Amino acid sequence: MLEGKHIILGITGGIAAYKSAMLARLLIKAGAEVQVVMTPSAKEFITPVTLSALTGKPVVSEFFTANTGEWHSHVDLGLWADAMVIAPATACTIGKMASGVADNMLVTTYLSAKAPVFVAPAMDLDMMAHPSTVRNLATLRSYGNHIIEAASGELASHLTGKGRMQEPEVIVAELERFFASTSQLAGKKVLVTAGPTYEKIDPVRFIGNYSSGKMGYAIADEAARRGAEVTIVSGPVSIKPTVPGVRVVNVESARQMLAACEEAFSQTDIAIMCAAVADYAPANPADRKIKREKEDVPVINLVKNPDIAATLGARKQPGQSLVGFALETDNEHANALDKLRRKNLDMIALNSLRDAGAGFGTDTNVITLIDATGAETRLPLMPKTEAAACILDAINNL
Ligand code: C5P
């Protein structure tokens, strides 16, 4: 998967920089072309000579070569790359990347890079746990960067905790996985539903729910990053896709959402139903505001909404994949599997309201993926952006 890929290996000034030599070597062995970009302080930990010898390319660290005045174009470098990997990434560089402090070649290259960016943090446990690091990593995730979580173990300080840079083999495996899935998703048409639906009671009131749309938008962004042509049919939410090119069809009610999905579905390779569709809608929405001054408390008669996932499931053709979500409170596996079968889904992503950090509005999720055979994979608590990546990986493996 890495054969012929152009990888920028960004190295920052941390003890784990010694592992970057091994990472460079593994990338080269896998067939990649590697261009090392080091921060000035990284050179205190590992010499550019080691890295240029391993990669066969001079290391870039300064904006200019001092004696010739040759300018090193971070823009060209950013465009050359198929991926940028920053390993190790110190708290300092992570902070600069989060806020755009472009005072060295590495951060300017990062800001110019159009390719996916992978960040492997390495630092002492207290720095890792500091709210500023946590916030900066969350910011990088929100930019769509892939964070290769630090491992726990003994640190350079001889303290034990989370902060060890992942082993080079793990980082390479992460890249392989990413490129494998990119090659499978490139050019595929992906349809995602997201957010709540609003069902009109009268011109100013509706029945709705607390769905934020974050999970669906994270999936749409990640699919687009992997080269898919993405349409998101979205109920009312306050977020937007962060990746350019994602087509948004805004709808309000379940019926409008169904109509938009039906229109797109025949052209769709993969449909992922993330929306929290209202189960019922008022049978006769008033065309004027219902007045409180009236004597009687109004009774709102409800009708059942169409099941969008089930409607698409009934029309699914060979070669199309349909994935749904299930938010459950009890008897989770059996309920989710029953939904998967009833709606003719290929996979269902189950989240339980019993898990802290899962469900509506949160930035994290705890997901169990269940396929049509009933086999399940439980993912740990992770940001919705990372859960999106895992869901797309699992769809590729179906
Ligand atoms: O039946 P339940 O609402 O729990 O099913 C959840 C799954 O079905 C989700 O994927 C959701 O987006 C989808 N769904 C739908 N249309 C509905 C209800 C649910 O597409 N009316």
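Below: a short report on this structure. If you're wondering where the values come from, they're calculated on a predicted model, not measured in any experiment.

**Quick look at the pattern of salt bridges**
If you walk through the whole model with that rule in mind, you get 21 salt bridges. As a salt-bridge pair, Arg177 and Asp393 come within 2.1 Å of each other at their nearest N and O atoms. Of this pair, Arg177 sits in helix H8 (residues 168–185) while Asp393 sits in helix H13 (residues 384–397), and the two are 216 residues apart along the sequence. Given a relative accessible area of 37%, Arg177 falls into the partly exposed group. Close ionic contact of Glu222 with Arg225 constitutes a salt bridge, the shortest N to O distance being 2.4 Å. You can see Glu222 and its partner Arg225 sitting in helix H9 (residues 214–225), 3 residues apart, about one turn around the helix. One continuous salt-bridge network, built from bridges that share partners, spans Glu174, Arg177, Glu222, Arg225, Arg226 and Asp393.

**Observations concerning the packing of aromatic side chains**
Applying the stated rule across the entire model yields 3 aromatic pairs. With 5.3 Å between their ring centres and 80° between their planes, Phe118 and Phe178 make a pair best called edge-to-face. Of the two residues, Phe118 sits in strand E4 (residues 117–121) while Phe178 sits in helix H8, which places them 60 residues apart along the sequence. For Phe118, a relative accessible area of 1% corresponds to the buried category. For Phe178, a relative accessible area of 4% gives the class buried. Where Tyr198 meets Phe206, the ring centres are 3.6 Å apart and the plane angle is 10°; that geometry is what we call stacked. One aromatic cluster is present, formed by Phe118, Phe178 and Phe179 through successive ring pairs. Between the NZ or CZ atom of Lys5 and the centre of the ring of Phe179, over which it lies, the distance is 5.0 Å.

**A look at the site of the ligand**
In the vicinity of the ligand, the residues found are Met273, Ala275, Val277, Pro306, Asp307, Ile308, Ala309, Gly324, Phe325, Lys339 and Lys343. Residue Lys343 places a side-chain N or O atom 2.8 Å away from an oxygen atom belonging to the ligand. Counting only elements with at least two residues in the shell around the ligand, the list comes to helix H11 (308–315) and strand E16 (321–328). Within the shell around the ligand, the residues separate by chemical class into 7 nonpolar, 1 polar and 3 charged.

The rules behind the values
- Residues numbered from 1 in each chain as written.
- Predicted model: local features only at pLDDT ≥ 70, side-chain atom pairs only at ≥ 80, totals over all residues.
- Heavy atoms only, no water.
- Salt bridge = Lys/Arg side-chain N within 4 Å of Asp/Glu carboxyl O.
- Helix = DSSP H or I, 4+ residues; strand = E, 2+ residues; numbered from the N terminus.
- Buried < 20%, exposed > 50% of the residue type's maximum accessible area, 1.4 Å probe, protein only.
- Phe/Tyr/Trp six-rings, centres within 6.5 Å; stacked < 30°, edge-to-face > 60°.
- Lys NZ or Arg CZ within 6 Å of the ring centre and 35° of its normal.
- Near = heavy atom within 4 Å.
- Polar contact = N/O pair within 3.5 Å; in protein donor to acceptor, adjacent residues only side chain to side chain.
- Nonpolar A, V, L, I, M, F, W, Y, C, P; charged D, E, K, R; others polar.

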